[in-house]
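A look at the structure
The chain contents come next:
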Amino acid sequence: MQAPIHSEESFATLDGTGIRYAVFLQGCPFKCAYCHNPDTQPFAGGTPVQADDLVKKILRYKTYFKGGGGVTFSGGEPLLHAQFILECEQKLAAFGIGCALDTSGAVPLNDAVRAAVDHSEMVILDIKMPNEEGYEKYIHGSMKNPLALFDYCVSNGKRLWLRTVIVPGINDREEDVESYLALIGERIKGVEKYELLAFHTLGFSKYEKLGWENPLKDTPALTNERLAALQTYLDGRIKEIL
Ligand code: SF4
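Residues numbered from 1 in each chain as written. Predicted model: local features only at pLDDT ≥ 70, side-chain atom pairs only at ≥ 80, totals over all residues.

This part takes up the sheet that holds strand β8 (residues 193–198). Strand order in the open sheet made by the eight strands is β3-β1-β2-β4-β5-β6-β7-β8, with mixed pairing throughout. Where the open sheet ends on each side, the last strands, each with one partner, are β3 (47–50) and β8. On average, each strand axis in the sheet is inclined to that of its neighbour by 30°, with strand direction left out of account. Of the strand pairs in this sheet, strand β2 (residues 20–25) and strand β4 (residues 70–75) are connected by six bridges, and their pairing is parallel. Considered in β4, the bridge of tyrosine 21 is made with valine 71. (Pairing = 2+ DSSP bridges. Helix = DSSP H or I, 4+ residues; strand = E, 2+ residues; numbered from the N terminus. Axes fitted to C-alpha atoms, helices over the stretch in contact; angles between N-to-C directions.)

So this is what it looks like as structure tokens:
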């Protein structure tokens, strides 16, 4: 089986534990206002790669995966290509290599998605907005699929990290953090880590290259100080809840 790959990174460290081989798959059903990789969104594009060829290439890096590393499928939305991921997961598992899924949960929870999740070591799920209104306005999609995936991971005891991008003027207040916690509710007990990420402007030039309107072109990057303050607030609140 083949899938369109946007890009690959052989020594990624941010999307999971240890040193990761990150595979960015092409295509995304969402259109987040703050997307810093808009070139991964179009369904057309990317380089078609066979699962066997990708696995062969990844095996060259096997030695670097000691200490909790492995492969991360990201995007775009990787679970658009769940069958391809499942094939890679099964082939890599034969060599003792585990895979993480870095997903927005945009696709429906069908059998292929369930199987890819079941065969993954962990899921890193974006919770983009705290309500349906926010998803409609800033993500151009619904929160229904991400929440279904969230429930599936929690109810199956899947190792799970959550992530939320914090954007100045949109969701950067303590009361916004409270809204996310209210949405998550009891499910927080099944979450190993909840990480806030800063909106940045590094992807702005990509919008120009694509000839796309950048909806946040006048929004400044979130400062490290504000990010740290909100993460501290969130961690404190999670401790209280648990
Ligand atoms: S889900 Fe990710 S790739 Fe898709 S539009 Fe949003 S930020 Fe971009």
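Having put the structure on the table, let's press on.
On to helix α3 (residues 111–118). Along α3, the positions that sit buried rather than exposed are Val113, Ala116 and Val117. Taken around the axis of α3, the buried residues stretch over an arc of 100°, which confines them to a single face. Among the exposed residues of α3, those pointing more than 90 degrees away from its buried face are Asp111 and Asp118. Each element contacted by the buried residues of α3 is listed here: α2 (82–93), β5 (99–103), β6 (122–126) and α5 (144–155). (Buried ≥ 20, exposed ≤ 12 C-beta atoms within 10 Å, placed from the backbone. Arc of directions from axis to C-beta. Contact = placed C-beta atoms within 7 Å.)

Grouped together as the largest cluster of nonpolar side chains are 64 residues, with contacts concentrated most on Val23, Val71, Leu101, Ala116, Val123 and Leu125. Ranked by residues supplied to this core, first place goes to α2 with six residues. Contact partners of alanine 116, with chain neighbours within four places excluded, come to Leu79, Ala82, Ile85, Leu86, Glu89 and Leu101. (Core = buried A, V, L, I, M, F, W, Y, C linked by C-beta atoms within 7 Å.)

Another aspect to go through is the site of the ligand. In the neighbourhood of the ligand, the contacting residues comprise Cys28, Phe30, Lys31, Cys32, Cys35, Asn37, Thr40, Gln41, Gly75, Gly76, Glu77 and Ser104. When the residues that make up the shell around the ligand are grouped by side-chain class, the tally is four nonpolar, six polar and two charged. (Near = placed C-beta within 6 Å. Nonpolar A, V, L, I, M, F, W, Y, C, P; charged D, E, K, R; others polar.)

A word on the packing of helix α6 (residues 174–184) against helix α8 (residues 224–241). Put simply, α6 and α8 touch, their axes get as near as 10 Å, and they point 40° apart. As far as their axial angle goes, α8 and α6 are oblique. In this structure, the crossing between α6 and α8 has a hand that is right-handed. Within the contact between the two elements, α6 uses Glu174, Val177 and Leu181 and α8 uses Leu230, Tyr233, Leu234 and Arg237. Across the contact of α6 with α8, the residue classes break down as five nonpolar, no polar and two charged. (Parallel < 35°, antiparallel > 145°, perpendicular 65-115°, else oblique. Left-handed = near helix turned anticlockwise from the far one by under 90°.)

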